[in-house]
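# Chains, contacts and geometry: an overview
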Amino acid sequence: HVDKLSSAHVYIRMSTQTNLDDIPEAVVMDCAQLVKANSIEGSKLTTTDVKYTPWSNLKKTADMDVGQIGFYDDRLVKTITVKKNADIVKRLNKTKKQLQPDLAAEREERDRQERVKLREQQREQKRREKEENEQKKAQAELRSYNSLMQSDKMKSNAVEEGRSLDEIDDDFM
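Rules and cut-offs
Residues numbered from 1 in each chain as written. Predicted model: local features only at pLDDT ≥ 70, side-chain atom pairs only at ≥ 80, totals over all residues. Heavy atoms only, no water. Axes fitted to C-alpha atoms, helices over the stretch in contact; angles between N-to-C directions. Helix = DSSP H or I, 4+ residues; strand = E, 2+ residues; numbered from the N terminus. Parallel < 35°, antiparallel > 145°, perpendicular 65-115°, else oblique. Contact = heavy atoms within 4.5 Å. Nonpolar A, V, L, I, M, F, W, Y, C, P; charged D, E, K, R; others polar. Buried < 20%, exposed > 50% of the residue type's maximum accessible area, 1.4 Å probe, protein only. Arc of directions from axis to C-beta. Polar contact = N/O pair within 3.5 Å; in protein donor to acceptor, adjacent residues only side chain to side chain. Patch = residues over 30% accessible without salt bridge, like charges linked within 9 Å, V, L, I, M, F, W, Y side chains within 5 Å. Areas by Shrake-Rupley, 256 points an atom, 1.4 Å probe, with all protein chains shown as cover. Salt bridge = Lys/Arg side-chain N within 4 Å of Asp/Glu carboxyl O.

### Thoughts on the packing of helix α1 (residues 25-37) against helix α2 (residues 86-94)
- One can describe the packing of α1 onto α2 by two numbers: an axis separation of 9 Å at closest approach and a directional angle of 95°. When the axes of α1 and α2 are compared, the pair comes out roughly perpendicular. Contacts from Asp30, Gln33, Leu34 and Ala37 in α1 reach Ile88, Val89, Arg91 and Leu92 in α2.
- Across the contact of α1 with α2, the residue classes break down as 5 nonpolar, 1 polar and 2 charged.

Right under this line is the structure:
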């Protein structure tokens, strides 16, 4: 958006892992040239300031005019100075396509894909936690003496009825 003048707004679709600093300088300059060229007042000036920010930082309230925007956090707004460059604008206009995308449907599809990815990550996390718990239980069982002290495997050293000490002693040897 051209600073302090009416102009077009240009949006760049980025992947969720990309941030504003990852955008190549040439792409930022191309977008800035488009904004400047599509500004009635800005296109007449030799240099103008263009501001750009992430979409999530755009603030739009009901009392704002059409095309007017604000920012939630001014620290996220970046400003570049753009000089008039007709060659860039001509090159971009040659590749111009007029599309009317269904933005709501595209956003819903993207959100759905993010939810699927999040659910998969949660399932994987639960599976890992379950494996860790099973391993901890197995380790605790190995350290426990519960398996050693089972009454059905124990024998008393008391004299059994009907057998003499000599018989018991012979069985031992």
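### Here's the deal with the side chain of aspartate 30
- Relative to the assigned elements, aspartate 30 resides in helix α1.
- Once residues within four sequence positions are removed from consideration, aspartate 30 is found in contact with Ile88, Arg91 and Leu92.

### Regarding α2
- Restricting attention to buried positions, one finds in α2 the residues Ile88, Val89 and Leu92. All buried residues of α2 lie within an arc of 95° about the axis, which places them on one face of the element. Away from the buried face of α2 by more than 90 degrees, exposed residues Asp87, Lys90 and Lys94 are located.
- Among the structural elements, α1 are those in contact with the buried residues of α2.
- N-cap assignment for α2: the residue whose side-chain oxygen lies 3.2 Å from the backbone N of aspartate 87 is asparagine 85.

### Here's the deal with a nonpolar patch on the surface
- On the surface, a cluster of nonpolar side chains totalling about 210 Å² of accessible area is made up of Ile12, Met14 and Val27.
- On the secondary structure map, methionine 14 appears in the segment before α1.
- Residue methionine 14 is classed as partly exposed on the basis of its relative accessible area of 35%.

### Details of the pattern of salt bridges
- Taken as a whole, this structure holds 12 salt bridges when the rule is applied.
- The shortest N-O distance in the salt bridge between glutamate 114 and arginine 110 comes to 3.2 Å. With glutamate 114 and arginine 110 both in helix α3 (residues 103-143), this residue pair falls 4 residues apart, about one helical turn.
- What makes arginine 110 partly exposed here is its relative accessible area of 39%.
- Beyond isolated ion pairs, a larger network of salt bridges with shared partners links Glu124, Arg127, Arg128 and Glu131.

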